[in-house]
Amino acid sequence: MLGRLNHVAIAVPDIEAAARHYRDVLGARTSPVEDQPEHGVQTVFIELPNTKIELLGVLGDASPIRSFLDKNPSGGIHHVCYEVEDILAARDRLRQQGARVLGDGEPRIGAHGKPVLFLHPKDFQGTLIELEQA
Ligand SMILES: CC[C@H](C(=O)O)C(=O)SCCNC(=O)CCNC(=O)[C@H](O)C(C)(C)COP(=O)(O)OP(=O)(O)OC[C@H]1O[C@@H](n2cnc3c(N)ncnc32)[C@H](O)[C@@H]1OP(=O)(O)O
Ligand SMILES: [Co+2]
């Protein structure tokens, strides 16, 4: 079922500072900061030869990463995103296997304009998984 690793997301307390650090210290090319209001985050993407890094910043009072940052004030790896050929078939199969699909279970459009879903970290070795339609 799993396709490419689309990105690894890092939640950060200050997304501008994190992007600057990646540029200045790691020589990374960073995208501009983008607001993603329907997801309650700001994003910066760093293109790598084989995948991407997604820096995540809090956007709004209801941001889903706020409690993560409360527990991890310096930031930390927040989720991994795998591509799937058919996100609805993947969702239905995962549900049949007892995995929790977060939200109302309907895919939403993610940062790349593709449908995404999230799976509960407690069902996957303590790792939040995002699925993105390939
Ligand atoms: C623009 C979209 C972009 C893209 O397209 O790439 C994105 O990636 S948007 C990313 C931000 N959106 C989301 O993360 C949506 C899915 N996340 C959620 O629904 C919540 O964050 C959830 C349910 C994973 C956690 O919610 P919350 O933090 O409020 O719950 P708890 O604090 O009660 O946590 C429950 C339990 O899970 C552990 N936890 C929480 N977050 C993570 C995590 N990122 N990785 C691993 N584990 C996590 C938390 O520690 C609790 O564990 P416990 O042992 O019970 O204390
Ligand atoms: Co993501």
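Cut-offs used in this document
Sequence positions are assigned chain by chain, starting from 1 and proceeding in written order. Labels are handed out in written order, letters beginning with A for the chains and numbers beginning with 1 for the ligands. In view of the model being predicted, local features appear only for residues whose pLDDT reaches at least 70, and side-chain atom pairs are presented and counted only at 80 or more, with totals across whole chains, interfaces and linings using the full set of residues. Excluding hydrogens and water, the side-chain values take into account all heavy atoms of the structure. Between buried and exposed lies partly exposed: a residue is buried under 20% and exposed over 50% of the maximum accessible area for its type, with that area taken using a 1.4 Å probe on protein chains only. Numbering of helices and strands runs from the N terminus, with a helix taken as a DSSP run of H or I at least four residues long and a strand as a DSSP run of E at least two residues long. Summarising the geometry, the arc corresponds to the directions from the helix axis toward the C-beta atoms. The contact rule is simple, with two residues in contact once any of their heavy atoms fall within 4.5 Å. Distances define the donors: N, O and S atoms within 2.8 Å of the metal qualify, as do those within 3.2 Å of Na, K or Ca. Water is excluded, so some sites may look unfinished. Donor angles set the geometry label: tetrahedral for four donors if every angle is between 85 and 135 degrees, square planar for four and octahedral for six if opposite donors exceed 155 degrees and the others are between 65 and 115, irregular for anything else.

**Concerning helix α3 (residues 87-96)**
Residue pairs three or four apart in sequence face the same way in an α-helix, which turns once every 3.6 residues. For α3, the full list of buried residues reads Ile-87, Ala-90, Arg-91 and Leu-94. Here the buried residues of α3 occupy an arc of 100° about the axis, which is enough to place them on one side. Next to the buried residues of α3 lie β5 (76-84), β7 (115-119) and β8 (128-133). Following α3 by one or two positions, Gly-98 adopts a phi angle in the positive range, close to 90°.

**Thoughts on the coordination of the cobalt ion (ligand 2)**
The cobalt ion (ligand 2) binds to the protein through His-7 (NE2), Glu-54 (OE), His-79 (NE2) and Glu-130 (OE); the donor distances cover 2.1 to 2.4 Å. Because the angles between the six donor atoms bound to the cobalt ion (ligand 2) fall within 80 to 171°, the donor set is best described as octahedral. Each donor residue of the cobalt ion (ligand 2) belongs to the same chain, and together they define the spacing H-x46-E-x24-H-x50-E. Separated by 25 residues along the polypeptide, Glu-54 in strand β4 (residues 52-58) and His-79 in strand β5 bring together distant segments of the chain. A residue is classified by how much of its surface remains accessible, and His-79, at 3% relative accessible area, is buried.

Shape descriptors only; they carry no functional weight alone.
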